[in-house]
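# Notes for the structure review
Residues per chain, in single letters:
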Amino acid sequence: MDIKSIGVIGAGQMGNGIAHVMALAGYDVMLNDISQDSLNNAVALIGKNLDRQVSRNKITAEAKADALARIKTTLQLPELGQTDLIIEAATERETVKAAIFEDLLPHLKPTTILTSNTSSISITRLASRTDRPEKFMGFHFMNPVPVMQLVELIRGIATDEETFAACHKVVANLGKTAASAEDFPAFIVNRILMPMINEAVYTLYEGVGNVESIDRSMRLGANHPMGPLELADFIGLDTCLAIMNVLHDGLADTKYRPCPLLTKYVEAGWLGRKTQRGFYDYRGETPVPTR
Ligand code: CAA
C-alpha cells in the first residue's frame with residue numbers, strides 16, 4: 001500500500017513534531033485539533049523548528065517552504081477520513097483516544113491505516129474498538145520528534161503484515177529507524193526509561209541527592225544527554241505518572257509503584273516545562289531547582 005497523505009490528530013508537543021517530519025519527507029499532512037489556538041501555535045512552532053534546521057544547514061530554505069505548504073490544518077476530524085495513514089497523538093488518556101476513534105470511524109475510507117502515538121496504552125484494546133483491528137497499530141515517536149532517530153512500531157494482536165510493512169516504509173522514508181515492540185505495557189522505551197525516572201524521583205524523595213546532584217550524576221556519570229529530572233520535566237510529569245500507572249496496573253508489580261513525590265508535583269499542577277514549573281522553575285533566565 002502506497003502512503004501519500006497523513007492525518008495527525010492533536011497539535012501538541014508530539015503532534016506538531018510528527019506533522020513537521022512527515023511534511024519534510026514529502027507527505028501531505030492534515031493536522032487536526034479541537035483548538036484553533038493549538039493549531040496556530042503548532043504551525044508557528046513547526047516554522048521555528050524548520051528555521052533551526054535551515055540555520056544549521058540540515059535542510060534548505062526551499063525544503064522548509066515546501067514542507068510548510070504541505071501542512072493543512074483543520075478543526076474538523078472527519079476531514080482526515082480520506083488520508084492514507086492516520087496517527088493519533090491526542091492526550092494520553094484512553095477515554096479521549098477511544099472517543100476520537102469513535103467519531104472518526106464513519107468517515108474513514110476502507111484502506112486507511114489507523115495508528116496511535118500512545119506511549120503506553122494497549123494497542124490491542126484501542127484496536128478492538130475500531131472497525132479495522134487488522135489495520136491498526138502503534139506508531140510511537142520520541143520527543144523531540146525532528147531530532148530523535150527512533151520510532152517504535154507496535155503490532156496489536158490482529159495487526160496484519162501489510163499494515164506493518166506500510167508503516168515500516170514510512171519510518172524509513174522519514175530517515176528514521178524503527179524498532180518493533182510487542183504490545184505489553186509501555187512497550188520498550190518507556191518500560192525501561194520510566195522506572196529509571198521514577199527511581200530518580202525516589203532518590204530525591206529519600207534525600208539521597210538533590211535535584212542538581214541527581215541530574216549531574218546521570219549526565220556526567222552515565223553520559224545521558226539530560227539528567228532524569230530534567231528529562232521528566234521535558235516529557236511532562238503528568239505523562240511520566242500516567243505511564244508509571246499503566247506499568248503498575250498492567251504488570252501488577254510493586255516495583256512500578258509511582259513515587260509519591262511525582263504524584264505530588266502532578267497534583268500541584270507542576271507538570272514540567274509546559275507549565276513552567278516541575279523539578280525546575282523555568283520562569284527566569286535559567287532553570288532553578290524547585291527543591
Ligand atoms: N526541532 C528541530 N531540531 C531540534 C529541535 C526541534 N524541536 N530540538 C533540538 N533540535 C536540534 C538542534 O537544532 C540541534 O541540531 P544540531 O545537532 O544540528 O546542532 C540539536 O537538535 C541539539 O539541540 P540543542 O543544541 O539545542 O540542545 P542539546 O544539544 O542540549 O540537545 C536534545 C537537545 C536533543 C533534546 C538532547 O538534550 C537530548 O537528546 N535529550 C534527551 C531526549 C530524550 O531522551 N528523548 C526521549 C524522551 S522519551 C519519549 O519521547 C518517549 C515517551 O513516550 C515519553
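Residues numbered from 1 in each chain as written. Predicted model: local features only at pLDDT ≥ 70, side-chain atom pairs only at ≥ 80, totals over all residues. Heavy atoms only, no water.

Taken as a whole, this structure holds six aromatic pairs when the rule is applied. For the pair Phe101 and Phe136, a centre-to-centre distance of 5.3 Å together with 75° between the ring planes defines the contact as edge-to-face. Placement of Phe101 in helix H4 (residues 94-104) and of Phe136 in strand S6 (residues 136-141) is noted, with a sequence separation of 35 residues between them. Aromatic side chains Phe139 and Phe141 sit 5.3 Å apart centroid to centroid with 15° between the ring planes, which places their arrangement in the stacked category. We note that Phe139, like Phe141, is buried. Through a chain of ring-to-ring contacts, the aromatic side chains of Tyr265, Trp270 and Phe279 assemble into a single cluster. (Phe/Tyr/Trp six-rings, centres within 6.5 Å; stacked < 30°, edge-to-face > 60°. Helix = DSSP H or I, 4+ residues; strand = E, 2+ residues; numbered from the N terminus. Buried < 20%, exposed > 50% of the residue type's maximum accessible area, 1.4 Å probe, protein only.)

Bringing the domain arrangement of the protein into the picture now. On domain assignment, one finds that the protein holds domain 1 (5-181) and domain 2 (191-289). The C-alpha centroid of domain 2 is placed 26 Å from the C-alpha centroid of domain 1. Both sides together, the interface formed by domain 1 and domain 2 hides about 480 Å², and carbon and sulfur atoms give 61% of it. Of all residues in domain 1, Gln13, Ser120 and Asn143 bury the most surface against domain 2, accounting for 61% of the area lost on that side. By residue class, the composition of the side of domain 1 that touches domain 2 is one nonpolar, four polar and no charged. (Domains from an automatic or database assignment. Buried area = accessible area lost by both parts, 1.4 Å probe. Nonpolar A, V, L, I, M, F, W, Y, C, P; charged D, E, K, R; others polar.)

Turning next to the environment of Asp249. Mapped onto the fold, Asp249 is located in helix H10 (residues 237-251). When the C-alpha atoms of Asp249 and Gly10 are compared, they prove to be 26 Å apart, with 239 residues separating the residues in sequence.

Attention shifts here to the packing of helix H7 (residues 189-205) against helix H9 (residues 228-235). Two elements in contact, H7 and H9, have axes separated by 9 Å at closest approach and are oriented at 120°. In terms of their interaxial angle, H7 and H9 are classed as oblique. Viewed along their axes, H7 and H9 form a crossing whose handedness is left-handed. Across the interface between the two elements, Leu193, Met194, Met196, Ile197, Ala200, Val201 and Leu204 of H7 pack against Pro228, Leu229, Leu231, Ala232 and Ile235 of H9. For the contact of H7 with H9, a count of residues per class yields 12 nonpolar, no polar and no charged. (Axes fitted to C-alpha atoms, helices over the stretch in contact; angles between N-to-C directions. Parallel < 35°, antiparallel > 145°, perpendicular 65-115°, else oblique. Left-handed = near helix turned anticlockwise from the far one by under 90°. Contact = heavy atoms within 4.5 Å.)

Among the residues making up H4, those that are buried are Lys97, Ala98, Ile100, Phe101 and Leu104. End-on, the buried residues of H4 take up no more than an arc of 160°, which puts them together on one face. Set apart from the buried face of H4 by more than 90 degrees, the exposed residues are Thr95 and Glu102. In this fold, the buried residues of H4 make contact with strand S1 (5-9), strand S4 (85-88), strand S5 (113-116), helix H5 (123-128) and S6. (Arc of directions from axis to C-beta.)

Before going further, it helps to spend a moment on the pattern of salt bridges. The tally for this structure, following the rule as stated, stands at 13 salt bridges. The residue Asp51 makes a salt bridge to Lys64 at a minimum N-O spacing of 2.8 Å. With a gap of 13 residues between them, Asp51 in helix H2 (residues 36-55) and Lys64 in helix H3 (residues 61-70) connect regions that are remote in the sequence. With relative accessibility at 37%, the residue Asp51 sits in the partly exposed group. (Salt bridge = Lys/Arg side-chain N within 4 Å of Asp/Glu carboxyl O.)

The next point concerns the site of the ligand. Arg52, Arg56, Lys58, His140 and Asn143 are the nearest of the 18 residues found near the ligand. A distance of 2.8 Å is found between an oxygen atom of the ligand and a side-chain nitrogen or oxygen belonging to His140. At a separation of 2.9 Å, an oxygen atom of the ligand approaches a polar side-chain atom of Asn190. In isolation the ligand offers 1,100 Å² of accessible surface; the protein chains occlude 70% of this area. Within the residue set of the shell around the ligand, elements represented by two or more residues are H2, H7 and H9. The class makeup of the residues in the shell around the ligand is 10 nonpolar, five polar and three charged. When residues of the shell around the ligand are assigned to domains, at least three fall in each of domain 1 (5-181) and domain 2 (191-289). (Near = heavy atom within 4 Å. Polar contact = N/O pair within 3.5 Å; in protein donor to acceptor, adjacent residues only side chain to side chain. Areas by Shrake-Rupley, 256 points an atom, 1.4 Å probe, with all protein chains shown as cover.)

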